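What follows is the residue order along each chain.
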Amino acid sequence: MGTVKSITSFFKKSAQRTNILKTHIKSSLPESNHDRLISMCETRWVQKHESIKRFHEMYIPIIHSLEELQEVINNETSQKAHQFLATIIKPDFILALNVTEKVFSFTLPLCKYLQKIDCDLTKACDHVQVVIDSLNTLRQNAEVEFNLIFFTASKTLTDVGGTMSVPRFSKKQINRGNYKESTPEAYYRKALFIPFLDHSITHLKSKFEQHHDLILSFQNIMPNKVVFTNEKDVFNLWDFYKTILSDHQQFNSEYLLWKSKWVKEKEDCRPSSPFEVFLKCDSDFFPNIKQLLTIISTLPVSTTTAERTFSTLRRIKSYLRNSTGNERLTGLALLSVHREINIDPEEAFNIKFVGEIEKHPELYDFSLSEYSRRDCQDKAWHDVSIEVNLSGIQPQFIKKMSAKRKNTSILSFFSKKTKPSADTLESNSDPSPLPQSETTESQNPILENVEEVKIHSSKTLLSKCVRNDVSCYVGKTVS
């Protein structure tokens, strides 16, 4: 890994070295669609797989490029090229490269799944078990599998002028494999192939097997398995989360009710994923089951979701955007992360406009004394126009249009067709409210319909009042 990373960095640091590599790729691999190496990323596991695969594909052009770079005038370049060339034509390197690519071909689908946004812990553990079983099968057939790898590596090594040989045997050796074998194939199978497989299997088990028992307990509350289980199968689950669940007897009773619910359902109608079960679980009738489904649905498999935000911020907050404020930076990051969501600029404006009106209850609340004061109305509309970044505000338009009561549609919309009572009018010091054209439905109209405005703003409700009424207070049309 370290050698591949160093050679990749060696070529990427110089345009001259990159051009030499591209020239040899075109001459040696004319049908290849790639013309450069891939750097290894510490956080993106898939990129490590792609880097090893690309390096193995371009092994011959890399050899020819390093041979040419040995002859350049630059001493640093020629020395590093000579060192790298001497390293990658050794039998242990080419065999390690082929073995790594072979094992990585089994773990690549798992890495892609683990870096998904909607990764599920239950399915992840199932996929890990599938990979472990496949590697164990590879380990049992090590002699046959390594024979193919050894044949390919020997042919490649012969093409670059190398020879396959057994390292020197020593009576006392602690820094490398010291197997007394007569053939290179038998030696490297014991010293390289089998230890790498064992390490990969052990590493996967250590990372995921500790969660296996808990995941099995979670599986016992899923509809497709709960019909075949009993209270003992979920005891470990209750014992682990007993601090946030009810007592054991109440939990068992709720579990039996949950089981009875799905026994009556047909097998085809039972949801399989935790999130689907979560949506169909009644929190009032099954509070403990709902709590457990919330945990299994949101339990993170890896830290890729958090690391993805760091990568997004690195792309967004460049040197040219170094002075970007927190609010704007957060908005840009959310737009980049959730790029599959289509944002309508008009709808976004309308939602912001409604939010600003919500901060000024004197514009829609009949029960306030400020509602009937023109100066408060003018100031509120002026503040709203500034907050929504509408330039060209003209005070004469405000006075003129306020006198004509052009904001009646918005006010009636926010008040949800309400009209102040006689008692309310008498309580105001200046009982001269704006004219009402709708019937009374409620005596407390404060923000009863704001959420509906935010949801259906641009397409249905706000499109009729915002664009016509806001233009009365601004010197240009809202867009």
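The structure presented is a predicted model; accordingly, all values stated were derived computationally and were not measured.

Engineer: For this particular structure, what's the right way to read the nonpolar core?
Structural biologist: In globular proteins that are soluble, nonpolar side chains generally tend to be buried together. Phe11, Phe55, Tyr59, Ile62 and Leu66 are the most contacted members of the largest nonpolar core, which totals 53 residues. Counting residues per element, this core draws most heavily on helix 6 (residues 91-114), at 10 residues. The contacts of Ile62, once residues within four sequence positions are left out, are Ile7, Phe11, Leu21, Leu37, Phe55 and Ile88. Counting 25 residues, the second-largest nonpolar core is a separate cluster that includes Met222, Val227, Val234 and Ile289.

Engineer: What am I meant to see in the pattern of salt bridges here?
Structural biologist: Once the charged atoms of two side chains with opposite charge are near each other, the side chains can pair. Counted according to the given criterion, the structure contains 9 salt bridges. A salt bridge links Lys359 to Glu356, with the shortest nitrogen-to-oxygen separation between them at 3.3 Å. Taking the relative accessible area as the measure of exposure, Glu356 reaches 8% and is therefore buried.

Engineer: Would you mind going over a nonpolar patch on the surface with me for this structure?
Structural biologist: Taken together, the side chains of Leu335, Ile341 and Ile343 make up a nonpolar region of the molecular surface, amounting to roughly 290 Å² of accessible area. Its place among the elements puts Ile341 in the loop between helix 17 (326-337) and helix 18 (345-358).

Engineer: Can you help me understand the side chain of Thr8 in this one?
Structural biologist: Tracing the backbone through its elements, the reader meets Thr8 in helix 1 (residues 2-12). Overall, Thr8 belongs to the buried group, its relative accessible area being 3%. Sequence-distant contacts of Thr8, that is, excluding residues within four places in its chain, are made with Leu37, Ile38 and Ser39.

Reading the values: the criteria
- Residues numbered from 1 in each chain as written.
- Predicted model: local features only at pLDDT ≥ 70, side-chain atom pairs only at ≥ 80, totals over all residues.
- Heavy atoms only, no water.
- Core = buried A, V, L, I, M, F, W, Y, C linked by side-chain atoms within 4.5 Å.
- Buried < 20%, exposed > 50% of the residue type's maximum accessible area, 1.4 Å probe, protein only.
- Helix = DSSP H or I, 4+ residues; strand = E, 2+ residues; numbered from the N terminus.
- Contact = heavy atoms within 4.5 Å.
- Salt bridge = Lys/Arg side-chain N within 4 Å of Asp/Glu carboxyl O.
- Patch = residues over 30% accessible without salt bridge, like charges linked within 9 Å, V, L, I, M, F, W, Y side chains within 5 Å.
- Areas by Shrake-Rupley, 256 points an atom, 1.4 Å probe, with all protein chains shown as cover.

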